Amino acid sequence: MSRIDPHSFADDAQPRVRRLDLDVDLDFDRRVLSGEAVLTLAGAGEGPLDLDTKGLAIRTVATEGGTAVPFELADEEPILGRRLRLTLPSGTRRVAIRYETSPEAVALQWLDPAQTAGGAHPFLYSQCQAIHARTLIPLQDTPAIRVTYGAALTVPDPLSAVMSAGPAGDRPGPRPGTRTFLFEMPQPIPSYLFALAAGRLAARDLSPRARVHAEPEVVETAAREFAGVEEMIRTAERLFGPYPWERYDLLVLPPSFPYGGMENPRMTFLTPTVITGDRSLVDVVAHELAHSWTGNLVTNATMEHFWLNEGATTWAERRILEALHGEETAVLSWAIGETALKLAFERFGVDSPLTKLRTDLKGVDPDDAFSSIPYEKGSRFFALLERAAGRERFDRFVGDYIDRFRFTSITSEAFLAFLDERLPGLSASVRAGEWLSATGMPSNAPVFRSTRLEELTGLAARFADGTRPDPAAVARWTPSETLVYLQHVPRPLPGAACAGLESLFGFLGQGNHELLVEGLTIAAASDWEPAFVRIRDVLLSVGRMKYLRPLFKALGGHPRTRALAREIYAAARPRYHALSRRVVESTLAAYPT
Ligand code: BES
Ligand code: ZN
């Protein structure tokens with residue numbers, strides 16, 4: 001008997017669940033999901049079956065024939081939650097678990113009407129990655145195990161429900177004033193890709209296989225922003241093979257969504273902050289779409305191999321961007337990633353074990369280990385392999401890799417073994433072992449350069465001696481160029497320099513949140529009061545952790561900005577997702593006292 005994942009109670013010696021059938025009621029008043037999960041095993045099982053749960057109240061467990069199945073909930077473990085051990089009678093193929101979630105389930109955010117664009121109806125969405133599916137459903141919550149699923153979600157009128165699955169119709173619910181939405185997911189997915197949302201939703205077709213869902217108030221601007229998605233899917237298909245999930249839909253969530261995007265299969269979940277009016281942040285969509293191959297088809301066996309997901313996907317995202325917009329755009333994207341990588345090394349320290357690609361996460365919460373390192377160090381490792389092999393050969397390798405491991409979950413070691421099999425000698429020539437197991441950045445990391453990039457960083461480096469870009473030129477810069485420049489501007493700055501940046505870039509009025517937040521971060525670090533109102537607005541409306549962390553961190557430099565941060569957080573806290581709260585609280589806790 002042995003555990004297969006440091007973040008799960010799933011046990012090798014026990015039966016594997018192969019299919020899940022979920023029938024639950026979404027109770028917006030009590031903020032719980034209640035109903036039944038039927039687990040179908042890969043073969044007839046007997047004896048112990050250990051499942052992951054967190055905060056779940058288990059009512060009854062029974063076999064298909066209605067025989068009660070003995071069960072026992074172990075004591076709560078801080079990261080993992082509670083092991084639910086079923087003792088299956090011999091010959092068990094299916095078990096039905098009646099249960100209820102807790103109002104504190106981390107995977108769910110229940111929004112008041114005031115937190116939505118429409119303001120009239122509540123909204124619910126889930127976020128299961130990395131290990132929060134267990135707060136929703138009793139299951140083997142490890143990416144090493146994949147399940148197909150069917151689901152029936154009952155919601156109050158006039159809400160509708162969507163899932164990371166194919167819609168299979170809807171019918172009147174079991175009680176007046178409710179409706180049940182049905183779903184079927186024929187492709188096996190790891191538990192972290194299970195996803196649902198419910199609210200007042202509308203949809204617009206973007207192509208025969210792509211549609212955007214959003215609140216009615218948002219759906220038209222969303223459809224305009226994402227009009228190019230079919231072209232993006234085709235570009236990705238040319239690189240990575242036919243799109244394997246039939247449909248690619250998008251769901252634009254309310255602004256408290258803690259991530260930029262989440263690659264839920266068939267339906268990417270997105271922060272509304274990617275809608276800028278000029279399509280300048282659709283790289284988030286390129287990233288989530290790329291996960292359809294690198295991640296959703298071939299995923300990490302455990303979170304210790306997370307770089308396989310995010311590193312491969314970040315590399316793939318930039319290949320899509322390059323194919324769509326040219327090499328210069330891709331180089332700027334690598335440069336923006338470089339800044340994120342530097343900040344992550346600063347946050348953990350270059351010697352931290354969390355800067356390894358292949359991590360040891362026993363006793364570590366994956367949410368605490370999360371950083372840009374698997375993304376940026378991982379994608380640089382892929383780029384190094386690409387350069388060493390030559391693009392054509394490497395692209396063939398990536399295609400073979402995806403084919404060989406489709407619908408499975410793999411380790412770093414399995415990746416390296418396949419690399420050695422297909423491109424013998426390559427891993428040794430790039431010192432793959434060091435890339436995976438050493439902290440910090442290997443000396444043979446690929447460098448991404450262009451004349452344009454040097455101009456922008458050179459210009460920013462001369463900021464300190466008073467050099468400013470020409471306003472007429474700045475007006476022609478792309479958002480990525482502006483972001484690269486701003487990221488390289490030193491901070492803190494004197495008030496006059498902040499005012500100068502504002503008059504050049506108008507960041508206070510920016511609709512592009514990457515630029516807005518970078519500008520506000522400079523202002524916050526500089527204790528520049530004219531930005532405080534806008535900082536408050538952003539922190540009160542947006543829950544994306546990528547923005548909260550640097551902004552709250554930058555507010556830590558002065559007594560006045562620290563007071564501002566604490567006051568804003570007190571007001572914003574009830575609106576933030578539980579994950580966002582944790583990030584902000586740890587940032588505030590690191591303030592000097
Ligand atoms: N899968 C991630 C988001 C995630 C990672 C959620 C780990 C929970 C745990 C998603 O694909 C992602 O990387 N999103 C990025 C987008 C960016 C890299 C373009 C984000 O949210 O910032
Ligand atoms: Zn990702």
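Bear in mind that the values here come from a model prediction, so they are computed numbers and not experimental data.

So, how was this worked out
- Numbering of residues starts from 1 in every chain and runs along the sequence as written.
- Naming scheme: in the order in which they are written, chains are lettered from A and ligands are numbered from 1.
- Selection of residues for local features in this predicted model requires a pLDDT of at least 70, selection of side-chain atom pairs for listing and counting requires 80 or more, and totals for whole chains, interfaces and linings are taken over all residues.
- To get the side-chain values, all heavy atoms of the structure are used, and hydrogens and water are removed first.
- The near set for a molecule or strand comprises every residue that places at least one heavy atom within 4 Å of it.
- Pairs of N or O atoms within 3.5 Å make up the polar contacts considered here, provided that, within protein, one atom can donate a hydrogen while the other can accept it, and that residues adjacent in sequence are counted only when both atoms are side-chain atoms.
- Note on areas: Shrake-Rupley, 1.4 Å probe, and residue coverage restricted to the protein chains presented here.
- A helix here means a DSSP run of H or I that spans at least four residues, while a strand means a run of E at least two residues long, and both kinds are numbered starting from the N terminus.
- Residues are sorted three ways: Asp, Glu, Lys and Arg are charged, Ala, Val, Leu, Ile, Met, Phe, Trp, Tyr, Cys and Pro are nonpolar, and all the rest, Gly among them, are polar.
- Partly exposed residues are those whose accessible area sits between 20% and 50% of the maximum for their type, while under 20% is buried and over 50% is exposed, using a 1.4 Å probe and protein chains only.
- Two strands qualify as a pair provided DSSP detects at least 2 bridges between them.
- Here the axes come from fitting lines to C-alpha atoms, over the contacting stretch only for helices, and the angles between their N-to-C directions go from 0 to 180 degrees.
- An angle counts as roughly parallel when it lies under 35 degrees, as roughly antiparallel when it exceeds 145, as roughly perpendicular when it falls between 65 and 115, and as oblique in every other case.
- Working rule for contacts: check all heavy atoms of both residues, and any pair within 4.5 Å makes them a contact.
- Note on aromatic pairs: the rings of Phe, Tyr and Trp (six-membered ring only in Trp) are paired at centre separations within 6.5 Å, and the planes decide the class, stacked below 30 degrees, edge-to-face beyond 60, tilted for the rest.
- Put simply, a charge is over a ring when the Lys NZ or the Arg CZ is close to the ring centre, within 6 Å, and near the line of the ring normal, within 35 degrees.
- Each salt bridge in this description consists of a side-chain nitrogen of Lys or Arg and a carboxyl oxygen of Asp or Glu lying within 4 Å of one another.

**Describing the site of ligand 1**
Reasoning step 1: Taken together, 16 residues surround ligand 1, and among them Gln129, Gly260, Glu263, Glu288 and Tyr375 come closest.
Reasoning step 2: Note that a nitrogen atom of ligand 1 is positioned 3.0 Å from one of the side-chain N or O atoms of glutamate 310.
Reasoning step 3: Here ligand 1 has 520 Å² of accessible area as a free molecule, and 91% of this is covered by the chains.
Reasoning step 4: Residue assignment for the shell around ligand 1 shows that the elements contributing at least two residues are strand E16 (261-262), helix H3 (283-290) and helix H4 (306-325).
Reasoning step 5: The greatest single-element share of the shell around ligand 1, amounting to three residues, is contributed by H3.
Reasoning step 6: Classifying every residue of the shell around ligand 1 gives six nonpolar, six polar and four charged.

**A word on the pairing of strand E15 (residues 249-252)**
Reasoning step 1: The side-chain alternation of E15 yields two buried faces, one formed by Asp249 and Leu251 and the other by Leu250 and Val252.
Reasoning step 2: Bridging between strand E14 (residues 210-214) and E15 involves two bridges; their strand directions are parallel. Bridge pairing in E15 links histidine 213 to leucine 251.
Reasoning step 3: In terms of strand pairing, E15 meets strand E17 (residues 267-270) through four bridges, oriented parallel. Along E17, the bridge assignment pairs aspartate 249 with methionine 267.

**A closer look at the packing of helix H5 (residues 327-348) against helix H12 (residues 451-461)**
Reasoning step 1: The geometry of H5 relative to H12 is characterised by a closest axis approach of 9 Å and an angle of 40 degrees between their N-to-C directions. Taken together, the axes of H5 and H12 lie oblique to each other. Side by side, H5 and H12 meet where Glu328, Val331, Leu332 and Ala335 of the first sit next to Arg452, Leu453 and Leu456 of the second.

**Focus: the packing of aromatic side chains**
Reasoning step 1: One pass over the full model with this rule turns up 36 aromatic pairs.
Reasoning step 2: With centroids separated by 6.3 Å and ring planes inclined at 50 degrees, the aromatic side chains of phenylalanine 306 and phenylalanine 370 adopt a geometry described as tilted. With a gap of 64 residues between them, phenylalanine 306 in helix H4 and phenylalanine 370 in the loop between helix H6 (366-369) and helix H7 (373-389) connect regions that are remote in the sequence.
Reasoning step 3: Since its relative accessible area comes to 26%, phenylalanine 370 is described here as partly exposed.
Reasoning step 4: With centroids separated by 5.6 Å and ring planes inclined at 35 degrees, the aromatic side chains of phenylalanine 397 and phenylalanine 418 adopt a geometry described as tilted. Of this pair, phenylalanine 397 sits in helix H8 (residues 391-405) while phenylalanine 418 sits in helix H9 (residues 412-422), and the two are 21 residues apart along the sequence.
Reasoning step 5: Relative accessible area serves as the criterion here: at 3%, phenylalanine 397 is assigned to the buried category.
Reasoning step 6: Lying over the aromatic face of phenylalanine 448, arginine 387 brings its terminal NZ or CZ to 4.7 Å of the ring centre.
Reasoning step 7: The side chain of arginine 544 reaches across the aromatic face of tyrosine 547, ending 4.9 Å from its centre.

**Some details on the sheet that holds E14**
Reasoning step 1: One open sheet accounts for five strands, arranged E13-E14-E15-E17-E16; its pairing is mixed. Here the strands that pair on one side only, and so sit at the sheet edges, are strand E13 (202-207) and E16.
Reasoning step 2: Contacts from helix H1 (residues 216-225) reach E13, E14 and E15 within the one sheet, and its direction differs from that of E13 by about 10 degrees.

**Overview of the environment of serine 352**
Reasoning step 1: With respect to the helices, strands and loops of the structure, serine 352 is situated in the loop between H5 and H6.
Reasoning step 2: The exposure class assigned to serine 352 is buried, which follows from its relative accessible area of 12%.
Reasoning step 3: Separated by 88 residues in sequence, serine 352 and glycine 440 place their C-alpha atoms 7.9 Å apart.
Reasoning step 4: Among the polar contacts listed, one links the side chain of serine 352 to the backbone nitrogen of leucine 354, at a separation of 3.0 Å.

**Focus: the sheet that holds strand E6 (residues 108-111)**
Reasoning step 1: In space, the four strands of this open sheet follow the order E6-E7-E12-E9, with antiparallel pairing throughout. Looking along the sheet, the strands with just one partner apiece sit at the ends: E6 and strand E9 (160-163). When strand polarity is set aside, the average angle formed by the axes of neighbouring strands in this sheet is 10 degrees.
Reasoning step 2: Here two bridges tie strand E7 (residues 123-126) to strand E12 (residues 196-199), and the two strands are oriented antiparallel to one another. If you follow leucine 124 over to E12, its bridge partner there is alanine 198.

**Some thoughts on the pattern of salt bridges**
Reasoning step 1: A complete count under the given rule lists 47 salt bridges for this structure.
Reasoning step 2: Across the salt bridge formed by glutamate 322 and arginine 391, the nearest N and O atoms sit 2.9 Å from each other. Residue glutamate 322 is found in helix H4, and its partner arginine 391 is found in helix H8; the two are separated by 69 residues along the sequence.
Reasoning step 3: Residues aspartate 368 and arginine 582 are paired through a salt bridge, measuring 2.3 Å at the closest nitrogen-oxygen approach. Highlighted residues: aspartate 368 in helix H6 and arginine 582 in helix H20 (residues 578-589), separated in sequence by 214 residues.
Reasoning step 4: Look at arginine 582 and you get partly exposed, because its relative accessible area is 37%.
Reasoning step 5: Sharing partners across several salt bridges, the network here consists of Arg19, Asp21, Glu64, Arg94 and Glu184.

**What to know about unusual backbone geometry**
Reasoning step 1: Between glutamine 129 and alanine 130 the backbone carries a cis peptide bond, its omega angle lying at 0 degrees.
Reasoning step 2: Relative to the elements of secondary structure, alanine 130 occurs in the loop between E7 and strand E8 (146-156).
Reasoning step 3: At the junction of aspartate 157 and proline 158, the peptide bond is cis and its omega measures out at 0 degrees in the coordinates.
Reasoning step 4: Mapped onto the secondary structure, proline 158 falls in the loop between E8 and E9.
Reasoning step 5: Phi angles above zero are rare outside glycine, and arginine 31 is one such case at about 60 degrees.
Reasoning step 6: With respect to the helices and strands, arginine 31 occurs in the loop between strand E1 (17-27) and strand E2 (32-53).
Reasoning step 7: Phi at arginine 279 is positive, roughly 60 degrees, even though this residue is not glycine.

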